[in-house]
Amino acid sequence: MSLANETLASLRRRLAAREISPADIIRDLAAAIEAKNPSVGAYLSWDVDAAVTEAEQTDTSLPLGGVPIAIKDNINVTGQPCTCGSKILAENYRSPYDATSIRQLRAGGALPFGRLNMDEFAMGSSTENSALGVTRNPWDLDRIPGGSSGGSASSVASATAIAALGSDTGGSIRQPAALCGVVGVKPTYGRVSRFGLVAFASSLDQIGTLTKTVEDSALVLNHLCGHDPLDSTSLNEPVPDFAAALGRDIKGLRIGLPKEYFISGIHPAVADAVRAAIKTLESLGARVEEISLPHTDAGVSTYYILAPAEASANLARFDGVRYGHRTANATDILDHYFSSRAEGFGPEVKRRILLGTYVLSSGYYDAYYLKAQRARTLIRRDFEEAFQKVDVIVSPTAPSPAHKMGELKNNPLQAYLEDVFTIPANLAGLPAMSVPSGFAEEGGKKLPVGIQIIGKALDEVTMLRVAHAFEQASGLSHLAP
Amino acid sequence: MSAHAIDIQKAASLARLKLTPDEAALYESQLGKILDYMDVLARYDLGSVEPTAHAMPVHNVMRRDESRPSFTQDQALANAPKSSHHQFQIPKVVE
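Every chain is numbered on its own, with residues counted from 1 as its sequence reads. Key to labels: chains lettered from A, ligands numbered from 1, both in the order written. Thresholds applied to this predicted model are a pLDDT of at least 70 for local features of residues and 80 or more for the giving and counting of side-chain atom pairs; totals over whole chains, interfaces and linings are not thresholded and use all residues. No hydrogens and no water enter the side-chain calculation; it runs on all heavy atoms of the structure.

**Section: the overall build of chain A**
- Secondary structure elements are taken from DSSP: a helix is a run of H or I of four residues or more, a strand is a run of E of two residues or more, and numbering for both begins at the N terminus. Summing up its helical and strand segments, chain A has 15 helices and 11 strands in all.
- The globule rule is 2.2 Å times the number of residues to the power 0.38, and the radius of gyration it is compared with is taken over C-alpha atoms. In summary, chain A has a C-alpha radius of gyration of 21 Å against a globular reference of 23 Å for 481 residues, a match within 12%.
- Classification of the 481 residues of chain A by burial places 67% in the buried group.
- Residue pairs in contact within chain A that sit at least 24 positions apart in sequence constitute 76% of those at least 6 positions apart.
- In the form shown here, chain A has an accessible surface area of approximately 15300 Å², with 49% of it arising from carbon and sulfur atoms.
- Of the side-chain charges in chain A, 45 are positive and 52 negative, and the distance between the mean point of each set is 2 Å. Summary of the burial criterion: residues with accessible area below 20% of their type's maximum are buried, those above 50% are exposed, and those between are partly exposed, where the area comes from a 1.4 Å probe applied to protein chains only. By the convention used here, residues are in contact when the closest approach between their heavy atoms is within 4.5 Å. Computed with a 1.4 Å probe, the accessible areas rest on the Shrake-Rupley method; for each residue, only the protein chains presented here act as cover. Within this scheme the basic residues Lys and Arg register as positive and the acidic residues Asp and Glu register as negative, but His and the chain ends are omitted. The atom standing in for a charge is NZ when the residue is Lys, CZ when it is Arg, CG when it is Asp and CD when it is Glu.

**Overview of the sheet that holds strand β5 (residues 183-186) of chain A**
Residues and elements named next belong to chain A.
- At least two bridges found by DSSP between two strands is the condition for calling them paired. Across the sheet, which stays open at both edges, the 11 strands sit in the order β1-β3-β2-β4-β6-β5-β10-β11-β9-β7-β8 with mixed pairing between neighbours. Every other strand in the sheet has two partners, leaving β1 (43-45) and β8 (287-291) as the edge strands with one partner each. In this sheet, neighbouring strand axes are inclined to one another by 35 degrees on average, regardless of whether the strands run parallel or antiparallel.
- Here strand β2 (residues 68-72) runs beside strand β3 (residues 111-116); their pairing, made up of 4 bridges, is parallel. What sits directly across from I69, in β3, is P112.
- To get an axis, a line is fitted to the C-alpha atoms, and for a helix only the part in contact is used. The angle between two axes follows their N-to-C directions and goes from 0 to 180 degrees. Together, β7 (254-258), β8, β9 (392-396) and β11 (445-455) form the strand contacts of helix α12 (residues 365-389), whose direction differs from that of β9 by roughly 115 degrees.
- The strands touched by helix α15 (residues 460-474) are β5, β7, β9, β10 (432-442) and β11; relative to β10, the strand with the most contacts, the crossing angle is about 30 degrees.

**Here's the deal with the packing of aromatic side chains**
All names here are of chain A.
- Classification of ring pairs uses Phe, Tyr and Trp, with its six-membered ring standing for Trp, and accepts pairs whose centres are within 6.5 Å; under 30 degrees between planes counts as stacked, over 60 as edge-to-face, and the remaining range as tilted. Counted under the stated rule, the structure contains 16 aromatic pairs over all chains.
- On the numbers, 5.2 Å between centres and 45 degrees between planes, the contact of Y365 with Y369 is tilted. Of this pair, Y365 and Y369 both sit in helix α12, 4 residues apart, roughly one helical turn.
- Three or more aromatic residues joined by ring pairs make a cluster, and in this case those are Y93, F121, F318, Y323 and F345.
- Each ring is checked for a lysine NZ or an arginine CZ that lies within 6 Å of its centre and within 35 degrees of its normal; such an atom marks a charge sitting over the ring. Between the NZ or CZ atom of K446 and the centre of the ring of F439, over which it lies, the distance is 4.3 Å.

**Here's the deal with the packing of helix α11 (residues 347-360) of chain A against α12(A)**
All names here are of chain A.
- Their axes nearest at 7 Å, the elements α11 and α12 cross at an angle of 105 degrees. Taken together, α11 and α12 sit at an angle that is classed as roughly perpendicular. On the side of α11, the interface is formed by Y358, V359 and L360, while α12 contributes Y365, Y368 and Y369.
- Partitioning the contact of α11 with α12 into residue classes produces 6 nonpolar, no polar and no charged. Here is the rule for angles: anything less than 35 degrees is roughly parallel, anything more than 145 is roughly antiparallel, 65 through 115 is roughly perpendicular, and the remaining ranges are oblique. Gly counts as polar in this scheme, as do all residues outside two lists: the nonpolar Ala, Val, Leu, Ile, Met, Phe, Trp, Tyr, Cys and Pro, and the charged Asp, Glu, Lys and Arg.

**Quick word on helix α7 (residues 214-224) of chain A**
Residues and elements named next belong to chain A.
- Among the 11 residues of α7, 8 are classified as buried, and the element is accordingly described as predominantly covered.
- For α7, the full list of buried residues reads V214, D216, S217, A218, V220, L221, H223 and L224.
- Where α7 terminates, the next one or two residues include G226, which has phi positive at roughly 145 degrees.

Shown next, in the form of structure tokens:
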């Protein structure tokens, strides 16, 4: 069997026993990518020779020693492309530095290998907004992988990556993880340094993991998390051993089901999968109760004001001067800016820059931006009150299984509404993850469905423990199409 | 038809984005619909609620003001689409 099919934990055991070498893993991954990437399209680029050379120098005695990790194409790795799925960075850009997350993974012995497709600048939930390539769901190639970390989810699901990094601003790790049948974790805001992650919405963005199992996520998070002086929003908090907490039972743990999340419009298979998951959790001794998050219906509006507002400021750095696309025939400096940006950005990015600029502009700031910041407080308080009563919150990750390619392409508002269950955790800064919880049948194909587990701020340990207990009991682990 | 009339060219100008007439019409209609949806926020009494800029309470993070290693001039210019004399090159801005 190809090493590409194995979990990170299993590869680590075999590396430690010297049964295999890091370069063996790279070679098997390269063969898997060659075979599957033409149809799945998870990767935008990968450099086998450089990775083999690096692999031969890795220290396999380190906790992640010799394990390759595939990287979403918005996280800087020295000397590699970092396109963000955009034409504006596709021409010649090479990262001059490592993101802190990459530096920490390297310190743990891991090896960044391969660049994964994404919605342009992480704006989208389908990866269809990438300007650079089409990514498909490995379970049904006519369907989207979700997004924006669609390349990350589909690489892990198609066994062309052992584990992957993604970024999550409004669900961009959890939703594709659910749609592709893998585990996706967004840690607490501030747990993982954003230094070297190309900024989309700075108050919401967080780097996290996409893996085949809960244990694999915990192993990577052990190195990913930690304080970084280069990110002023990074939290100076001790990082527990996330993997050590797995395996403990969840007897007596209190699980909240937010009644506002079980709305009409949820796909029946998603509702069934959540109901079944709740039964499983109860059978493991957890106490399940209904809770209320009364401001849930303000989430999507709040997010689609704040995130574009922050994006419109962050993306001002693309000026065609220091890096990125530069128009060939500008008449003056203003025309240089207007044309370089118009030629470089795709439609969804332009839409969000315009929306963000509008809600921040004179006369509309109070009506939209300030109002959204106030609504964000109410959403945060909803969670604070709920977590007085429960230890974790469980919900569907996405309202439906993977859509067909192109289904939401001309309806941006409908696409935004798909983020309803994942957005609140970003607005409140809470850790949240998706684990596989079953399948929907559509047109004779099995499509994965996920449940979301939201934890208290900085309590990834309890969240991961519940996810692990569920994964072990349900047997929905390390799934392959 | 949207209840919100947006001056899309004004927003585009502030954002330094050149829009074709087709793009302007499309975005104007799409943003109008999105803003209609956002009227849901009007249901809540938000006037006295403290705004949240960041979910985590981290304020006024300071560091020592001292020099530290950074890019060389060549590294900083390596991704520039146009440079000359060890500087970024831009179109002429003064007559």
